[in-house]
Amino acid sequence: MASPDLYELASQIKSLRSEVGITERSVRERDRLIDVLMEKAQRLETPRDSDNHFRELVESSLQGVSILDQSQRYFANRAYVEMLGYDSVEELMEKVVAIDVFPPYERDRVRERLGQRLTSGGQAEPFEADMVRRDGSIVTALIMGRRIEWHGKPAILSTFVDVTERTQAEEALKRSEERLRALIENALDTITIVGTDGTILFESPSVERVLGYKPEELVGRKVFDFLHSDDVQAAIEALLRAPETPARVREIVLRTRHKDGSWRHLQAIGRNLSNNPSVGGIVLNSRDITERVAAETQLRSERDLFARQVTIMTDLATRNLFELGLQAAYRTITEQASAALLVERVSVWLYGASGDEVECVDLYVKSTGNHASGERLNRSREVFEREI
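Everything numeric here is computed off the predicted structure, so don't read it as measured data.

**Q** Help me understand the pairing of strand β5 (residues 153-162) in this model?
**A** One face of the sheet, then the other: side chains in a regular strand alternate in exactly this way. Judged by how many residues are buried, β5 sits mostly within the fold: seven of ten residues are covered. The pairing of strand β1 (residues 64-68) with β5 spans five bridges and is antiparallel. Opposite Leu68, over in β5, you have Ile156 as the bridge partner. Pairing analysis gives ten bridges linking strand β4 (residues 138-150) to β5, with the strands arranged antiparallel. Looking at the pairing, Ile148 lines up with Ala155 of β5. The hairpin turn running from β4 into β5, its antiparallel successor, is two residues long, and His151 in that turn takes a positive phi close to 50°.

Shown next, in the form of structure tokens:
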């Protein structure tokens, strides 16, 4: 009767035929199946029967299979040959040394693992390694090896699963995650995830630049704790409306307390992703618009001031002030000009007949409401303000 190891290896290949990936759980399950099938395999009548059974299982396997030791390859199935891009088993067996299917940077590691299997036996943990195809391209394989007896000599039966696409997908995912992390950490805007009850679930690192807090100082607290009291109600109403329209983007401006106690105006754009299990909350992209709000406020004040100045000056221009008398006219002009220009002092000066002197006919001080006159200055003298 043939060696039980041969049946065990053949059963291993059959149990892995339809697998795409191998995990620790699937390895344990496979080993259990091997033990069951090996008992049945041992009942085969002749070594020829067992050899034919082994080859039947191996050649129909979707996994690459190779039997080798540290220096020589004894057997390879069709799936193994196709994975490496060769035309036939004979071409691979005759022209390519077993270890040469691995690039130089992998060979020492593979030799070490083969040596461990040959000396210690048992089932090795699966590992990934790059392999070189016939055209020079690299394929990544998940490799699992087990010691067997091959024609009386110790050897390793290895199964190979092409995981190149999976590895590339993992690398692409890793790069995408790193890119996303870099964007979040260096973004000018803050990114916040808030639960429907207002609890801060996530805060991006940029919040420290905007509001002075570290993310861990905010996570777990209520967002309302940091809002101006006049803005809390608007924030609550926005959160209450969020579940009604999950896909809708909403915008709101909230005054938020900086760690130094000052108030910053944040423009927040929110999208409800509570139903997305990877998010589980409302995503807020917030931008500090404090300077913009201050500039807009200043602009409005200047516009209001200009409108008031135009109104006052137009009124002065259209009224016949001198019907009231010269002194009354001067006082009206200085008072109205002080109000229009938002200045503390306004005065009216008239040239004398010779043009060499000027005389203050009215000096109005807004804070006291006093008017004064009579100061004369020669044009050759330095002009100075009269104290009232």
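And the narrative resumes.
**Q** Any chance you could explain the packing of aromatic side chains here in plain terms?
**A** Pairs of aromatic rings are described using the distance from one ring centre to the other and the angle between the two planes. Per the stated rule, a full pass over the model turns up two aromatic pairs. Considering the side-chain rings of Tyr80 and Phe160, the 4.8 Å spacing of their centres and the 55° angle between planes classify their relative orientation as tilted. Of this pair, Tyr80 sits in helix α4 (residues 78-83) while Phe160 sits in strand β5; the two residues are 80 residues apart in sequence, bridging distant segments of the chain. An identical accessibility class is assigned to Tyr80 and Phe160; each is buried.

**Q** Quick question: what am I supposed to make of helix α10 (residues 229-241) here?
**A** Along an α-helix, a turn takes 3.6 residues, which lines up residues three or four apart on a common side. If you check which residues of α10 are buried, you get Asp231, Val232, Ala235, Ala238 and Leu239. Along the long axis of α10, the arc covered by the buried residues comes to 130°, so they all point the same way. Every exposed residue of α10 that faces more than 90 degrees away from the buried side is listed here: Asp230 and Leu240.

**Q** For this particular structure, what's the right way to read the sheet that holds β5?
**A** By definition, the strands of a sheet pair up through backbone hydrogen bonds, in either a parallel or an antiparallel sense. The strand order across the open sheet built from five strands is β2-β1-β5-β4-β3, with neighbouring strands paired in antiparallel fashion. Bordering the open sheet on either side are β2 (73-76) and β3 (127-132), each of which pairs with just one other strand. Going across the sheet, the axis of each strand differs from the next one's by a mean of 35°, ignoring polarity. The strands touched by helix α6 (residues 104-120) within the sheet are β1, β3, β4 and β5, with β3 carrying the most contacts at an inclination of about 130°.

**Q** It is not clear to me how the side chain of Ser286 should be interpreted in this structure. Could you clarify?
**A** With respect to the helices, strands and loops of the structure, Ser286 is situated in strand β10 (residues 281-288). Overall, the relative accessible area of 8% leaves Ser286 in the buried class.

What counts, and at which threshold
- Residues numbered from 1 in each chain as written.
- Predicted model: local features only at pLDDT ≥ 70, side-chain atom pairs only at ≥ 80, totals over all residues.
- Heavy atoms only, no water.
- Buried < 20%, exposed > 50% of the residue type's maximum accessible area, 1.4 Å probe, protein only.
- Helix = DSSP H or I, 4+ residues; strand = E, 2+ residues; numbered from the N terminus.
- Pairing = 2+ DSSP bridges.
- Phe/Tyr/Trp six-rings, centres within 6.5 Å; stacked < 30°, edge-to-face > 60°.
- Arc of directions from axis to C-beta.
- Axes fitted to C-alpha atoms, helices over the stretch in contact; angles between N-to-C directions.
- Contact = heavy atoms within 4.5 Å.

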